[in-house]
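Chain residues, written in single-letter form:
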Amino acid sequence: MCTIAESRGWPMSVLCPGNMAGSSVTGVQNPNDLNYLLFQGMIAAKCAPIFDTNYALDLTPVDLAARAVVHLVVHAPQKAMGQRFHLQSPQTPVALVQVVEWLRGMGYAMEGVTRDEWIKRIEDNEKLSSGWLSFEKYFEASTWLHFGSDRLQQACGDELTCPTLDTQLLERWFPKL
């Protein structure tokens, strides 16, 4: 559809959302999102697939993407027209093993397990287990794949800052009950 509009000379922009995570302000998340299900699954199973795997998480707070869209559409449409933007965190994806360490530091019991053990332990979690094999490659690719948000950062300038994926952000998304 975009190619047709583009070929006809219609003014357009392409805004591609990255791997959305919860709000960095409120902590609210999509309970059906695979990243949310991954975290909830690790917390419930008290384990994470960190042995014999090389997963990384590329998480873009949804409010960052929303602020970027508003800025581009309302405040800087001249910078957006005819451009393609990745609405994505500019930060390097974080290794799952680091995220597990942060969760442990927050007080969550989290045993390191192999991929096969992980798959066995999440069998009862229908939503996570049904999507895991489809998305597993994404978690592997996040160790080397980078879509780049340079164009987005240039267009938005100082109007767009992304919170760092760290313990503080994880505590907002997954508060210890």
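Described below are features of the structure shown in this document. The model shown is predicted, which means the values in this text are computed figures rather than measured ones.

1. Remarks on empty space enclosed by the protein
Then, number 1: Under the defined criterion, the tally for this structure stands at three cavities of 30 Å³ or more.
Then, number 2: Considering only enclosed or pocket space, the largest cavity measures out at about 70 Å³ in volume.
Then, number 3: L59, S89, Q91, T92 and L165 are the residues nearest the centre of the largest cavity, which is lined by 13 residues in total.
Then, number 4: For the lining of the largest cavity, the residue count by class is nine nonpolar, three polar and one charged.

2. Description of the side chain of S23
Then, number 1: One can find S23 in the loop between β2 (20-21) and α2 (34-45).
Then, number 2: According to the relative accessible area criterion, S23 is buried, its value standing at 9%.
Then, number 3: At 3.1 Å, the side chain of S23 forms a polar contact with the backbone nitrogen of T26.
Then, number 4: Setting aside residues up to four positions removed in sequence, S23 forms contacts with V28, V62, D63, R172 and W173.

3. Focus: the pattern of salt bridges
Charged atoms that come close allow side chains of opposite charge to pair.
Then, number 1: Counted under the stated rule, the structure contains seven salt bridges.
Then, number 2: Across the salt bridge formed by R121 and E117, the nearest N and O atoms sit 2.8 Å from each other. Of the two residues, R121 and E117 are both situated in helix α6 (residues 115-121); the distance of four residues between them amounts to about one turn of the helix.
Then, number 3: You can call R121 partly exposed: its relative accessible area is 31%.
Then, number 4: One continuous salt-bridge network, built from bridges that share partners, spans E111, E117 and R121.

Rules used in this analysis
Residues numbered from 1 in each chain as written. Predicted model: local features only at pLDDT ≥ 70, side-chain atom pairs only at ≥ 80, totals over all residues. Heavy atoms only, no water. 1 Å grid on protein atoms, 1.4 Å probe; cavity = no way out; pocket = protein on both sides within 12 Å on 5 of 7 lines; lining within 4 Å. Points joined across faces, edges and corners; volume = space filled by probe spheres on them. Nonpolar A, V, L, I, M, F, W, Y, C, P; charged D, E, K, R; others polar. Helix = DSSP H or I, 4+ residues; strand = E, 2+ residues; numbered from the N terminus. Buried < 20%, exposed > 50% of the residue type's maximum accessible area, 1.4 Å probe, protein only. Polar contact = N/O pair within 3.5 Å; in protein donor to acceptor, adjacent residues only side chain to side chain. Contact = heavy atoms within 4.5 Å. Salt bridge = Lys/Arg side-chain N within 4 Å of Asp/Glu carboxyl O.

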